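An overview of the molecular structure
Residues per chain, in single letters:
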Amino acid sequence: MLTPNKRALIMGVANERSIAWAAAQRLKLQGAEIILTYPNDAIKKRVEPLAAELGAKAVIECDVSSDASITRCFEQIKKHWDHIDILVHSLAFADKQDLEGAFVTTSRESFRKALDVSAYSLIAVTREALPLMKSGSSIITMTYLGATKVIQNYNLMGVAKAALEACVRYLAWDLGSKGIRVNAISAGPVKTLAASGVRGFRSLLDSVGQMSALQRNITADEVGKSTVYLASDLSSGVTGEIHFVDAGFNTGALRVPDAKPQAD
Ligand code: 1JT
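Here we summarise the structure given alongside this text. (Residues numbered from 1 in each chain as written. Predicted model: local features only at pLDDT ≥ 70, side-chain atom pairs only at ≥ 80, totals over all residues. Heavy atoms only, no water.)

If you tally the helices and strands in the chain, you get eight helices and seven strands. Against the compact-globule benchmark of 18 Å for 264 residues, the chain has a radius of gyration of 18 Å, which places it among compact chains. With the C-alpha coordinates of the chain rotated into their principal frame, the extents come out at 60 × 45 × 40 Å. Taken over 264 residues, the chain has a buried fraction of 49%. Counting only contacts in the chain whose residues sit at least 6 apart along the sequence, the fraction spanning at least 24 positions is 75%. Carbon together with sulfur atoms contributes 53% to the accessible area of the chain, which is approximately 13,300 Å² in total. For the chain, the distance from the average site of its 30 positive side-chain charges to the average site of its 27 negative ones is 1 Å. (Helix = DSSP H or I, 4+ residues; strand = E, 2+ residues; numbered from the N terminus. Rg over C-alpha atoms; globule rule 2.2 N^0.38 Å. Buried < 20%, exposed > 50% of the residue type's maximum accessible area, 1.4 Å probe, protein only. Contact = heavy atoms within 4.5 Å. Areas by Shrake-Rupley, 256 points an atom, 1.4 Å probe, with all protein chains shown as cover. Lys, Arg positive; Asp, Glu negative; His and termini not counted. Charge placed at Lys NZ, Arg CZ, Asp CG, Glu CD.)

Written out as structure tokens, the structure is:
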């Protein structure tokens, strides 16, 4: 087992398609104990049965846009655990209207909320978790290529993910002397609840399926498996990194449609 008896706090399960859910299942398979968090009562209803299925130690409310909610969440966690080995941060927010059309129309309030929930929350949650984390612990968050390259429609989330990736690097250097690692997985597109409201997501999946090196999309489970690697001692020398799990999409610039078939 890769994470035997490790205590893993997983934030961002919304339903069975969530990347966080794939990570929770893979960490559990490797022997980890799990606590899940949810942001509100609507999502609580969906997460509770999943937590039961997993045999999670607890399911706790955490609205990362509220310092008081984060504080209450960690007070609850401390009733179950005296330390945390693994923190998976797999959450983001943007208004639907800010993930399509013109970027220049982004409002100050949309920008504030998207960056607060999607990027600042990693700092806030890490700070609360820190007193419970010892050397060898690992923090993992989720990002997307739209942070560094323009992907049409990703718009405001691209800016939020750019901030998140910078937070990963600065937190990695802050916590390095404590032996705590901080990394991000840059996942290819996955049809989750977050993605389902996005106009044109299907055609994005189709293009990536054709244009990636592996000529297919990735699965949430593949992100879950790489999360186990970053959470475990297998990645003990890796921190501040953005690790792509995208079927090689980001390494290419152009596919020539009528080029000779590749060797196979
Ligand atoms: C959020 C949403 C974060 C969708 C997200 C996301 N990170 C990736 N996706 C999927 C996606 C979305 C778009 C896209 C490519 C992938 C929904 C709101 C909450 C935050 O455009 C090319 C728009």
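So that's the structure; there's more coming.
Turning next to the state of the cysteines. Working definition: the covalent bond between the sulfur atoms of two cysteines is a disulfide. The tally for this structure, following the rule as stated, stands at zero disulfides. Of all cysteine sulfurs in the structure, the one in Cys-62 sits closest to Cys-73, which takes part in no disulfide; the separation is 3.9 Å. With no disulfide of its own, Cys-167 lies 16 Å from the sulfur of Cys-62, the closest cysteine sulfur. (Disulfide = S-S within 2.5 Å.)

A few words on the side chain of Ser-138. Here Ser-138 lies in strand S5 (residues 138-143). Of the polar contacts made by the side chain of Ser-138, one reaches the backbone oxygen of Leu-230; its length is 2.7 Å. Here Ser-138 is in contact with Asp-85, Ile-86, Leu-87, Met-133, Arg-181, Leu-230 and Ala-231, once residues within four sequence places are set aside. (Polar contact = N/O pair within 3.5 Å; in protein donor to acceptor, adjacent residues only side chain to side chain.)

The next thing to look at is the nonpolar core. Residues Ile-10, Val-13, Leu-27, Ile-34, Leu-36 and Val-223 are the most contacted members of the largest nonpolar core, which totals 37 residues. Going through the elements one at a time, strand S1 (7-11), helix H1 (19-29), strand S2 (33-38), helix H2 (41-54), strand S4 (86-89), S5, strand S6 (181-187) and helix H8 (220-231) are the ones with two or more residues in this core. With near-sequence residues (within four places) excluded, Val-13 lies in contact with Ser-18, Ala-20, Trp-21, Leu-36, Thr-37, Ile-43, Val-47 and Leu-50. Counting 34 residues, the second largest nonpolar core, distinct from the first, contains Cys-73, Ile-84, Val-125 and Ile-139. (Core = buried A, V, L, I, M, F, W, Y, C linked by side-chain atoms within 4.5 Å.)

A word on the packing of H1 against H2. Between H1 and H2, the shortest axis-to-axis distance is 11 Å and the interhelical angle comes to 15°. As the angle between them shows, H1 and H2 are arranged roughly parallel. Between H1 and H2 lies a crossing of right-handed hand. Contact with H1, carried on its side by Trp-21, Ala-24, Gln-25 and Lys-28, involves Leu-50, Glu-53 and Leu-54 of H2 and no other residues of that element. Residues belonging to the contact of H1 with H2 are distributed by class as follows: four nonpolar, one polar and two charged. (Axes fitted to C-alpha atoms, helices over the stretch in contact; angles between N-to-C directions. Parallel < 35°, antiparallel > 145°, perpendicular 65-115°, else oblique. Left-handed = near helix turned anticlockwise from the far one by under 90°. Nonpolar A, V, L, I, M, F, W, Y, C, P; charged D, E, K, R; others polar.)

Tallied over the full model, the rule gives seven salt bridges. A salt bridge links Lys-96 to Glu-100, with the nearest nitrogen and oxygen atoms 3.8 Å apart. Under the relative-accessibility criterion, Lys-96 is labelled partly exposed at 47%. Where Asp-116 meets Arg-112, a salt bridge forms, and the shortest distance between an N and an O atom there is 3.9 Å. Here the residue Asp-116 and the residue Arg-112 both occupy positions in helix H4 (residues 108-129), the gap between them amounting to four residues, near one helical turn. What makes Asp-116 buried here is its relative accessible area of 19%. Connected via shared salt-bridge partners are Lys-96, Glu-100 and Arg-199. (Salt bridge = Lys/Arg side-chain N within 4 Å of Asp/Glu carboxyl O.)

Right, let's talk about the site of the ligand for a bit. Taken together, 15 residues surround the ligand, and among them Ile-151, Gln-152, Tyr-154, Ala-194 and Val-198 come closest. Contact distances for the ligand include 2.9 Å between a nitrogen atom and a side-chain N or O atom of Tyr-154. Taken together, the elements giving at least two residues each to the shell around the ligand come down to helix H6 (193-196) and helix H7 (201-211). Here the shell around the ligand is composed, by residue class, of 13 nonpolar, two polar and no charged. (Near = heavy atom within 4 Å.)

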